[in-house]
Amino acid sequence: MTARRITVPPTAGLPLQLGDLRPWGDPRLDRALATWLGVDEVLLECSGTSALMLALRTLQQRAPERCEVVVPAYTCPLVAMAVAQCGLQLRLCDLSPDRLDLDGNALDALLSHRTLAVVPTHLGGRVADVASLLPRAQACGAYVIEDAAQALGARVHGRSVGLQGDIALFSLAVGKGLSTYEGGVLLAREPVLMAALRAQHQQSIRPHLAWELRRSLALLGYTAAYRPALLDAVYGAPLRRSLARGDWVEAAGDDFDSQIPQHSLGAGRQRVALRALVRLRGHWEQAQQQAQQRITQLRALPGLEVVDDAAPQAQGIWPVILLRLPSAAQRDALMQAHWASGWGLSLPFSQVLPDYARYAPLLGEALHDPVPQARDWAQRLLAISNSAWLSDALFAQLLAALTRTLTRPPAAAG
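Quick notes on the rules
- Each chain has its residues counted from 1, running along the sequence as written.
- Totals for whole chains, interfaces and linings use every residue, but because this is a predicted model, local features are given only for residues with pLDDT of at least 70 and side-chain atom pairs only at 80 or more, for both listing and counting.
- Side-chain metrics in this entry use all non-hydrogen atoms of the structure; hydrogen atoms and water are not considered.
- UniProt positions are given in the numbering used here, feature names are shortened, and annotations may be inferred rather than shown by experiment.
- Note: two strands are recorded as paired if DSSP finds a minimum of 2 bridges between them.
- Runs of H or I in DSSP of at least four residues are treated as helices and runs of E of at least two as strands, each being numbered from the N terminus.
- To obtain an axis, a line is fitted to C-alpha atoms, over the contacting stretch when the element is a helix, and the angle between two such axes runs from 0 to 180 degrees between their N-to-C directions.
- Should any heavy atoms of two residues lie within 4.5 Å, those residues are counted as being in contact.
- The sense of a crossing depends on the near helix, which, turned anticlockwise from the far helix by less than a right angle, makes the crossing left-handed and, turned clockwise, makes it right-handed.
- Each residue gets one label: Ala, Val, Leu, Ile, Met, Phe, Trp, Tyr, Cys and Pro are nonpolar, Asp, Glu, Lys and Arg are charged, and the others, such as Gly, are polar.
- In plain words, nonpolar cores are sets of buried Ala, Val, Leu, Ile, Met, Phe, Trp, Tyr and Cys residues tied together by side-chain atoms within 4.5 Å.
- When a residue's accessible area, from a 1.4 Å probe over protein chains only, is under 20% of the maximum for its type it is buried; when over 50% it is exposed; and in between it is partly exposed.
- What goes into a patch is any residue over 30% in relative accessible area without a salt bridge, connected to like charges within 9 Å or, for nonpolar side chains (Val, Leu, Ile, Met, Phe, Trp, Tyr), within 5 Å.
- We get accessible surface area from the Shrake-Rupley algorithm with a probe of 1.4 Å; when it comes to residues, only the shown protein chains can shield them.
- Salt bridges are identified by distance alone: a Lys or Arg side-chain nitrogen within 4 Å of an Asp or Glu carboxyl oxygen.
- Both cavities and pockets are sets of points on a 1 Å grid over the protein atoms alone; in a cavity a 1.4 Å probe fits but cannot get out, in a pocket the set is open with protein on both sides within 12 Å along at least five of seven lines, and lining residues sit with an atom within 4 Å of a point.
- Grid points are joined across faces, edges and corners, and a volume is the space filled by probe spheres set on the points.

- Taking an unreviewed UniProt entry as the reference, the protein is identified by name as DegT/DnrJ/EryC1/StrS family aminotransferase belonging to Comamonas squillarum.
- Within the UniProt record for the protein, the comment given under Sequence similarities (unreviewed entry) is "Belongs to the DegT/DnrJ/EryC1 family."

Next comes the structure, spelled out in structure tokens:
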């Protein structure tokens with residue numbers, strides 16, 4: 001008899017329970033999330049990308065003479081799509097050579113009277129140093145939008161991330177922790193700006209029955225399939241097909257539809273997430289304990305860098321453990337040998353924004369922004385799932401593969 005294939009999900013998402021699906025009860029996820037985050041109010045959107053678009057359009061109304069948005073060169077292509085669909089111009093900021101964060105000197109060179117917003121990213125649950133870039137943005141009159149799509153639950157100075165910049169967005173998509181399959185959360189630090197976001201939401205966001213039905217059915221499928229017995233069929237098999245074609249963009253999940261839907265988040269999906277929310281803090285506490293145990297073993301490997309929070313006094317969350325290998329050749333050798341092994345290896349994003357042929361037309365002049373350090377990060381970075389389903393035995397196999405990769409020539413590694 002053939003042994004059942006084990007496939008670990010790429011991130012430590014919070015599994016939903018059948019009881020979460022009950023079609024009655026409180027539908028006000030926004031109130032519960034505001035309390036959970038320690039803020040007065042939040043807005044719920046149909047995705048983190050839609051939340052970013054609503055934020056940008058609100059800021060456009062407040063500063064119509066400004067047209068540029070500065071984003072990390074290594075970030076989700078959906079960010080570039082959102083900026084382009086709002087009719088704004090992207091500028092790509094290089095990353096620091098030693099931190100997964102915006103490079104201060106590169107940011108200074110981009111900021112001007114045309115800058116509408118700067119969008120630092122809390123990538124993979126790691127906390128960006130927003131405080132260090134705030135004076136730079138404020139000096140030129142730009143807003144700061146914290147992209148905390150992957151960081152719901154992360155904290156800095158004892159408070160939720162997102163409260164240092166002007167606006168913050170979180171994602172409720174699959175794998176981000178709390179999930180409505182697709183969903184987003186938007187908040188602002190100042191009440192006046194929060195009121196402007198709410199007014200923009202009321203003006204432009206409407207229910208869409210077809211999209212809500214589609215997402216609700218997908219959420220039911222996610223509830224059923226996000227478990228070890230079915231993950232190989234719904235995630236592992238498609239991943240192997242992408243890798244067999246040599247399509248790393250598709251394998252990394254970087255292939256997105258050209259249009260970004262915008263509609264309200266239905267009450268049924270809100271109820272599901274509201275019930276799951278009571279388990280989220282405990283989920284992240286367990287993930288942190290597991291991550292710290294495994295980070296100790298990973299840091300013992302020669303030349304391997306475990307990426308930590310860039311901000312001081314930060315407590316990020318651990319959906320994944322981000323690693324930077326000594327060379328691009330070693331990273332690629334490991335991924336080619338073991339991406340399909342079921343151990344939860346993945347790439348945060350497969351390339352820097354200028355290197356995606358599909359998304360390059362969205363960049364305009366930003367296509368030529370110099371981003372050598374971001375490209376180096378993109379070529380050497382990988383993620384290990386921090387799912388509880390990555391057992392100690394499977395992690396030991398992964399650790400052995402990493403050891404071979406780091407101690408042998410790249411051609412022989414894996």
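Still more ground to cover, so stick around.
**Concerning the sheet that holds strand β2 (residues 68–72)**
- The sheet built from 7 strands is open, its strands ordered β1-β9-β8-β5-β4-β2-β3 with mixed pairing. Among the strands making up the open sheet, the edge pair consists of β1 (43–45) and β3 (89–93). Direction aside, the axes of adjacent strands within the sheet are offset by 25° on average.
- Packing of helix α3 (residues 77–85) onto the sheet brings it into contact with β2, β3 and β5 (143–147), and relative to β3 it is tilted by some 150°.

**So, the packing of helix α12 (residues 328–338) against helix α14 (residues 392–407)**
- Look at α12 against α14: their axes get within 10 Å of each other, and the N-to-C directions meet at 140°. Handedness of the crossing formed by α12 with α14: right-handed. Where α12 approaches α14, its residues Gln330, Leu334 and His338 are matched on the opposing element by Ala401, Leu402, Arg404, Thr405 and Leu406.
- Of the residues assigned to the contact of α12 with α14, the class counts are 4 nonpolar, 3 polar and 1 charged.

**Topic: the nonpolar core**
- In terms of nonpolar packing, the biggest core is built from 74 residues, with Tyr74, Ile145, Ile167, Leu186 and Leu197 touching the most fellow members.
- At 7 residues, the largest contribution of residues to this core is made by helix α2 (residues 48–62).
- Sequence-distant contacts of Ile145, defined by excluding residues within four places in its chain, comprise Leu52, Ala55, Leu56, Leu59, Ala117, Val118, Val119, Pro120, Ile167 and Leu169.
- Core analysis: the second largest hydrophobic core is formed by 40 residues, Leu29, Ala168, Val272 and Leu280 among them.

**Comments concerning the pairing of strand β8 (residues 167–171)**
- Along β8, 5 of the 5 residues are buried, which leaves the element largely enclosed by surrounding structure.
- Residues of β8 alternate between two faces, with Ile167, Leu169 and Ser171 on one and Ala168 and Phe170 on the opposite face, all of them buried.
- As paired elements, β5 and β8 share 3 bridges and run parallel to each other. Note that in β8 the partner of Glu146 across the bridge is Ala168.
- For β8 and strand β9 (residues 184–188), the ladder comprises 5 bridges, and the chain directions are antiparallel. Bridge pairing links Leu169 to Leu186 in β9.

**Things to note about a nonpolar patch on the surface**
- A cluster of nonpolar residues, Leu213, Leu217 and Leu220, forms a patch on the protein surface that exposes about 300 Å² of accessible area.
- Tracing the chain through its elements places Leu213 in helix α7 (residues 209–225).

**Observations regarding helix α10 (residues 267–277)**
- Of all 11 residues making up α10, 9 are buried, and the element is well covered by its neighbours.
- Looking only at α10, the buried set comprises Arg269, Gln270, Arg271, Val272, Ala273, Leu274, Arg275, Ala276 and Leu277.
- In this structure, the buried side of α10 is in contact with α1 (29–37), β1, α7 and α11 (280–298).

**Brief notes about the pattern of salt bridges**
- Under the defined criterion, the tally for this structure stands at 22 salt bridges.
- Residue Arg189 pairs with Asp166 through a salt bridge whose shortest N-O separation is 3.7 Å. Of this pair, Arg189 sits in the loop between β9 and α6 (191–204) while Asp166 sits in the loop between β7 (159–160) and β8, placing them 23 residues apart in sequence.
- According to the relative accessible area criterion, Arg189 is partly exposed, its value standing at 32%.

**A short note on the sheet that holds strand β13 (residues 345–346)**
- Taking strand neighbours across the sheet as the criterion, the 4 strands line up as β10-β12-β14-β13 in an open arrangement whose pairing is antiparallel. The open sheet has two edge strands, β10 (305–306) and β13, and neither has a second partner.

**Considering unusual backbone geometry**
- A positive phi angle, close to 55°, is found at His157, a residue other than glycine.
- Within the element layout of this structure, His157 appears in the loop between β6 (155–156) and β7.
- You will see that Tyr181, though not glycine, has its phi angle at about 70°, which is positive.
- Secondary-structure assignment places Tyr181 in the loop between β8 and β9.

**What about empty space enclosed by the protein?**
- According to the stated counting rule, one finds 3 cavities of 30 Å³ or more in the structure shown.
- Considering the residues around the largest cavity, the lining is formed by Pro72, Tyr74, Leu95, Leu100, Asp101, Leu102, Pro120, Thr121 and Leu123.
- For the lining of the largest cavity, the class distribution of residues is 7 nonpolar, 1 polar and 1 charged.
- Considered as a void within the structure, the second largest cavity measures approximately 60 Å³ in volume.
- Every residue along the wall of the second largest cavity is listed here: Thr7, Val8, Tyr235, Gly236, Leu239, Arg240, Trp339, Ala340, Gly342, Trp343, Gly344 and Leu345.
- By residue number, the principal contributor to the lining of the second largest cavity is helix α8 (residues 228–244), which donates 4 residues.

**Examining the environment of Glu45**
- By secondary structure assignment, the location of Glu45 is in strand β1.
- Owing to a relative accessible area of 0%, Glu45 belongs among the buried residues under this scheme.
- Sequence-wise, Glu45 and Gly158 are 113 residues apart; in three dimensions their C-alpha atoms are separated by 26 Å.
- Sequence-distant contacts of Glu45, defined by excluding residues within four places in its chain, comprise Ser50, Ala51, Leu54, Gly183, Gly184, His201, Ile205 and Leu265.

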